[in-house]
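# A structural walkthrough
Listed below are the residues making up each chain.
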Amino acid sequence: MSTVVPPYSLWRSGDAISRLNASPHGTSLVIPKFLRSKHPRAALVEARPRAVPAVNGDTSLPTQLVLTVDRTDDLQAEARAMARAANAPFYSPELLANTYGSRPIEILRRSLQILVALSSFGIKLWLDKNSGQLDQNKRRRAAELRRIFTRLGPTFVKLGQGLSTRPDICPPEYLEELSELQDGLPTFPDAEAFLCIEKELGLSLDSIFSSISPSPIAAASLGQVYKARLKQSGKVVAVKVQRPNIEEAIGLDFYLIRSLGFLINKYVDFISSDVVALIDEFARRVYQELNYVQEGQNARRFKKLYADKEDVLVPDIFWDYTSSKVLTMEWVDGVKLNEQEAIERQGLKVLDLVNTGIQCSLRQLLEYGYFHADPHPGNLLATPEGKLAFLDFGMMSETPEEARCAIIGHVVHMVNRDYEAMARDYYALDFLSPETDVSPIVPVLRNFFDDTLNATVSELNFKTIVDGLGAVFYQYPFNVPAYYALILRSLTVLEGLALYADPNFKVLAASYPYFAKRLLTDPNPYLRDALIELLFKDGKFRWSRLENLLLQGRKDRDFSVKEALQPVLKLLLGPDGEGLRALAVKEAIRVTEAFVLGTVNDTYNSMPDFMRLIIFRDSTSRTLGMSNEEQGSMIELRDQVLRIWRLLQSSENFDPALLQPIVQVLQQPEARSLGGRIFSGITQRLAARLLQQVLRASTTVSASTV
Ligand SMILES: Nc1ncnc2c1ncn2[C@@H]1O[C@H](COP(=O)(O)OP(=O)(O)OP(=O)(O)O)[C@@H](O)[C@H]1O
């Protein structure tokens, strides 16, 4: 799509709409007669946001009050927009049956159109299969399917966009081709678009805008977008106008697709899912996208949740110029994230923007669970100030809270190559029903990850992981919820963008600090238990895992060491913490012993040989009879604990009192004996070692005297 360069107020000659004259005082718009006569001019309500008067200036209203008044105005304008959208289309299979059931000619015509297009594709697939060229021709066929969907119109474009996020349904080649269904769609006549704006808003075009681009700056599946300037406030806005009769076109298609779904449910045995239910769910989402007031509300909610960071921008909505078919929003000056050279020319770094995108996506997907479900590069702009702007809030999705936690656990298990735990995660993620046996999946996961990487998992290309998991999902009876597929897709899109700038960029490595932070700090019981499970194995604390989590978690910009481990420490004191307390006792013994024996070892090694002989009757490097291996692991444990302690100490806001719960546990009645146990544990072991030493020495002496 061509971008309109200022002054963007020239109408194309020969258009149904006449010419816009540029006046020396600015631009004035000449509206064609057929547009002017229909709509009497209506009074304009000022669009938000308003200028806030200076608090310290001579203006009388305090800022807070102005903001409140603004907010009230805004809510009222939004309510008016909602009223305008009262008749927005909604999905009702019954209504569709009533409407199209009695239009056999239309049904026949459209069915033939779809049938011819899809059956020719089906025949090619069948021929490929019979000639053994299915794999070889996959890429070609995927591109053909993309073209067929574009030809068949908006419903199929949406269907293709939807399929492009489903690794459980489509092989990777199809996922890639179908994800290109975002651009290059045909436009519709501008005159129709301008008529639609006037009709929808009940205002004449020239009373709304002082200028508007003569042709769309972009055309997408459901609408096209113009750039304009608001007459009242002078703000530059983007005006999205819905394609004419789209509701009709989509309605007929969904009626036909649903009828096909019924036939599949009835006659195709190998498809066990309820196809009609899937179609209904999908159709409902597409219909939601037809209500631009809903999209505006999505944008507002998104902005409230995520644009608190100064590097994220979400356009404001101008409710007075918004209806179900017209969406007027703040114009975002920016370059699409895939136009990397243009971004670099502005002195911006693509990787910084991608990192912002990753951090924002992680918060969307895993913190609030409300996320932008269509983050293709066309919907992400880099602004000249270096902000990342999000556009197009038509398709939003939500991740249920349990799933958010299960995903965090899954990634951490993956990074730690805990394949059994990974396979079990699929229950928590609701991918597999509880009666499915996950044991066959474990070796498949192991084979894939162990084969693919020599380095750590976080060094793996995210796309490789997604393709690998996709292949597993494809082979087993997985039912991947739509939100999960969308999550994978949003991160894959960001990684794809980053790889242009840096072929070594790893999205998982960039996002792992966030996962580590959540695991260390989140009080959610699922995550807390996942952390405990990760840290304790076979009754032993895995200090290396804690060290790694702390090292990673510290890299997250929102990490606060104050919160680290707090959920686990709280559990330690709680009524359900008995098991954990027992583990803590054991570990305390192990660590104290490591410190004591480590120090003994150091002292022993620093002694001259003759002193060792006098005291220990031994001049070898074996302290208290410990093997080199034992010594090594003891010293490693001590050093690891010391490293972690230094790590905590060097972190901002660290207060040793945070570890108070551990001390408290040691003082609790049930663990009061802990001090004694540690002490006795150590003295027992030391005594045993000394005894061993003495016995060994006396045996050697007596043997030599014999
Ligand atoms: N606020 C804005 N500022 C600048 N450009 C915009 C704005 N909103 C939309 N655009 C441009 O218009 C294009 C299409 O807009 P949008 O993605 O919202 O349409 P859509 O019909 O929802 O698309 P899709 O087919 O992806 O669902 C964007 O890719 C962008 O180039």
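Residues numbered from 1 in each chain as written. Predicted model: local features only at pLDDT ≥ 70, side-chain atom pairs only at ≥ 80, totals over all residues. Heavy atoms only, no water.

Looking up the protein chain in an unreviewed UniProt entry gives the name Protein ACTIVITY OF BC1 COMPLEX KINASE 3, chloroplastic, with the organism given as Cucurbita maxima. In the Sequence similarities (unreviewed entry) part of its UniProt record, the protein chain is described as follows: "Belongs to the protein kinase superfamily. ADCK protein kinase family." (UniProt positions renumbered as here; feature names shortened; annotations may be inferred.)

Together, Ile 123, Trp 126 and Leu 127 make up a nonpolar patch on the protein surface, roughly 340 Å² of accessible area in all. Within the secondary structure layout, Trp 126 lies in helix α4 (residues 104–130). Trp 126 sits in the exposed class, given a relative accessible area of 54%. (Patch = residues over 30% accessible without salt bridge, like charges linked within 9 Å, V, L, I, M, F, W, Y side chains within 5 Å. Areas by Shrake-Rupley, 256 points an atom, 1.4 Å probe, with all protein chains shown as cover. Salt bridge = Lys/Arg side-chain N within 4 Å of Asp/Glu carboxyl O. Helix = DSSP H or I, 4+ residues; strand = E, 2+ residues; numbered from the N terminus. Buried < 20%, exposed > 50% of the residue type's maximum accessible area, 1.4 Å probe, protein only.)

With that settled, the discussion passes to the domain arrangement of the protein chain. The domain boundaries assigned to the protein chain delineate domain 1 (93–182 + 249–286), domain 2 (342–550) and domain 3 (560–698). The partner domain 2 presents 16 residues to the 12 residues of domain 1 that form the contact. Of the roughly 1200 Å² buried where domain 1 meets domain 2, counting both sides, 55% is carbon and sulfur surface. At the junction of domain 1 and domain 2, the tally comes to zero salt bridges. Inspection of the region where domain 1 meets domain 2 yields zero residue pairs in polar contact (both at pLDDT 80 or more). (Domains from an automatic or database assignment. Contact = heavy atoms within 4.5 Å. Buried area = accessible area lost by both parts, 1.4 Å probe. Polar contact = N/O pair within 3.5 Å; in protein donor to acceptor, adjacent residues only side chain to side chain.)

With that out of the way, let us pick up the environment of Phe 595. Along the chain, the position of Phe 595 falls in helix α24 (residues 578–606). Separated by 28 residues in sequence, Phe 595 and Pro 567 have C-alpha atoms that sit 27 Å apart.

This brings us to the site of the ligand. Around the ligand there are 23 residues in total, and Ala 220, Ser 221, Lys 240, Val 332 and Asp 392 lie nearest to it. Lys 158 places a polar side-chain atom, nitrogen or oxygen, 3.2 Å from an oxygen atom of the ligand. Glu 330 places a polar main-chain atom, nitrogen or oxygen, 3.0 Å from a nitrogen atom of the ligand. Calculation on the ligand without its partners gives an accessible area of 620 Å², and the protein chains cover 94% of this total. Elements represented by at least two residues in the shell around the ligand include exactly α6 (154–163), β5 (223–230), β6 (236–242) and β8 (326–330). In the shell around the ligand, the residues fall into 10 nonpolar, six polar and seven charged. (Near = heavy atom within 4 Å. Nonpolar A, V, L, I, M, F, W, Y, C, P; charged D, E, K, R; others polar.)

For the rest of this paragraph, the subject is helix α23 (residues 566–573). With six of its eight residues buried, α23 lies for the most part within the structure. All of the buried residues in α23 are Gln 566, Pro 567, Val 568, Leu 569, Leu 571 and Leu 572.

Let us look at the nonpolar core. Core analysis: the biggest nonpolar cluster contains 158 residues, and Phe 254, Tyr 426, Leu 445 and Tyr 484 have the highest contact counts within it. Counting residues in each nonpolar core, the second largest holds 20 residues, with Ile 212, Tyr 226, Val 237 and Tyr 321 among its members. (Core = buried A, V, L, I, M, F, W, Y, C linked by side-chain atoms within 4.5 Å.)

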